[in-house]
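Analysis of the macromolecular model
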Amino acid sequence: MIRLHNVERSYPLGRGQLFYVLRDIDLDIAAGDFVSVMGPSGAGKSTLLHILGMHDHGWTGEYFFDETAVHHLKSKERATLRNEQVGFVFQQYHLLDDLTVYENLDIPLSYRHYSKSERAALVADALDRFQIVGKKDLYPRQLSGGQQQLVGVARAIIASPKLLLADEPTGNLHSSQGEEIMELFRKLNEEGMTIVRRKMRRSENGSCSCVTAGSSEGNDSVILWSFDIRTSSFVL
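Residues numbered from 1 in each chain as written. Predicted model: local features only at pLDDT ≥ 70, side-chain atom pairs only at ≥ 80, totals over all residues. Heavy atoms only, no water.

1. Quick word on the overall build of the protein chain
The helix and strand tally for the protein chain stands at 6 helices and 11 strands. For the protein chain, with 236 residues in total, the buried portion stands at 49%. Pairs at least 24 residues apart make up 65% of the contacts formed inside the protein chain by residues separated by at least 6 positions. (Helix = DSSP H or I, 4+ residues; strand = E, 2+ residues; numbered from the N terminus. Buried < 20%, exposed > 50% of the residue type's maximum accessible area, 1.4 Å probe, protein only. Contact = heavy atoms within 4.5 Å.)

2. A look at the sheet that holds strand S4 (residues 60-65)
Taken in spatial order, the 4 strands make up an open sheet running S2-S1-S4-S5, and their pairing is antiparallel. The sheet is open, and its two edges are formed by strand S2 (17-29) and strand S5 (68-69), each paired on a single side. Lying over the sheet, helix H1 (residues 45-52) contacts strand S1 (2-14), S2 and S4, oriented at roughly 120 degrees with respect to S1. (Pairing = 2+ DSSP bridges. Axes fitted to C-alpha atoms, helices over the stretch in contact; angles between N-to-C directions.)

3. Regarding the packing of aromatic side chains
According to the stated counting rule, one finds 2 aromatic pairs in the structure shown. Judged by centre distance (4.5 Å) and plane angle (20 degrees), the rings of Phe88 and Phe90 are stacked. The same class applies to Phe88 and to Phe90, which are both buried. In this structure, Arg141 is placed above the aromatic ring of Tyr139, and the distance from its NZ or CZ to the ring centre is 4.9 Å. (Phe/Tyr/Trp six-rings, centres within 6.5 Å; stacked < 30°, edge-to-face > 60°. Lys NZ or Arg CZ within 6 Å of the ring centre and 35° of its normal.)

4. Considerations on helix H6 (residues 175-190)
Here H6 is 16 residues long and its end C-alpha atoms lie 23 Å apart, about the 22 Å a rise of 1.5 Å per residue gives. A positive backbone phi angle near 115 degrees is found at Gly192, which sits one or two residues after H6. (Expected span 1.5 Å × (residues − 1).)

5. Let's talk about the side chain of Asn104
Here Asn104 is to be found in helix H3 (residues 101-106). Leaving out residues up to four positions away in the same chain, Asn104 has contacts with Leu95, Leu96, Leu99, Pro140 and Arg155.

6. Notes on unusual backbone geometry
At His94, a position not held by glycine, the phi torsion is positive, near 55 degrees. Within the secondary structure layout, His94 lies in the loop between strand S6 (86-89) and H3. Backbone geometry at Ser160 places phi at a positive 50 degrees, although glycine is not the residue there.

7. Remarks on the nonpolar core
Grouped together as the largest cluster of nonpolar side chains are 31 residues, with contacts concentrated most on Leu105, Phe130, Leu164 and Phe185. Mapped onto this core, the elements with two or more residues apiece are H3, helix H4 (116-129), helix H5 (145-157), strand S7 (163-167) and H6. Sorting elements by how many residues they give to this core places H5 first, with 6 residues. Once residues within four sequence positions are removed from consideration, Phe130 is found in contact with Leu150, Val153, Ala154, Ile157, Ile181 and Leu184. (Core = buried A, V, L, I, M, F, W, Y, C linked by side-chain atoms within 4.5 Å.)

8. As for the layout of surface pockets
Size it by volume and the largest pocket reaches roughly 390 Å³. In terms of lining residues, the largest pocket is bounded by 19 residues, among which Asn83, Phe90, Pro108, Tyr111 and Arg155 are the most central. No other element matches the 3 residues that S6 contributes to the lining of the largest pocket. Taken together, the residues of the lining of the largest pocket break down into 11 nonpolar, 5 polar and 3 charged. Of the pockets and cavities examined, the second largest pocket occupies roughly 230 Å³. Taken together, Arg129, Phe130, Gln131, Leu150, Gln177, Glu180, Ile181, Glu183 and Leu184 form the lining of the second largest pocket. (1 Å grid on protein atoms, 1.4 Å probe; cavity = no way out; pocket = protein on both sides within 12 Å on 5 of 7 lines; lining within 4 Å. Points joined across faces, edges and corners; volume = space filled by probe spheres on them. Nonpolar A, V, L, I, M, F, W, Y, C, P; charged D, E, K, R; others polar.)

Printed below as a string of structure tokens:
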């Protein structure tokens, strides 16, 4: 479903020097995989998710999404593909401040071919599933951080995207809410949704960011590649 070849993301430091956040990335993710991106802060986890989610356009290399060559698409074409196929749970919520909870949930549906009644039914179902019916007319500034995160998760999955990207999806939730969200992710994955999530976990030597695939609980994970921060290189 997803194939990256020689993907790099860098930022200029001046005097012709570059700082590489990601370098020489080759990665294959099959449809239906549940992938966790783990490692210490600064290892490029969020950058990778934003490249996969087509929010970051400053990278080089090849990116194929269901055989579509993303690296050849224009900005508007990438936005269309993202809006139709990808759901994203942001670490900082990114809810639209001037829209109510109901209206925030309706936004992703506006990019799909749903009728007005279908959209209303899907929003009502999401409000009920996440137990936020009573918050539907409130604005993000009137919600707690945990409540905003729940709305963010609901918005990401409401249109049943092919690919769900989650940047620390349970970081602002209490333990029981976090467990419920992860159980929901497991169910969605069992139904065929491909999920890539960022999860903070420092390795024993504190120097590697690992992409693993397998159980969403991490019990049967397989290291696909690791990033050595000290040498700025990826190793098998």
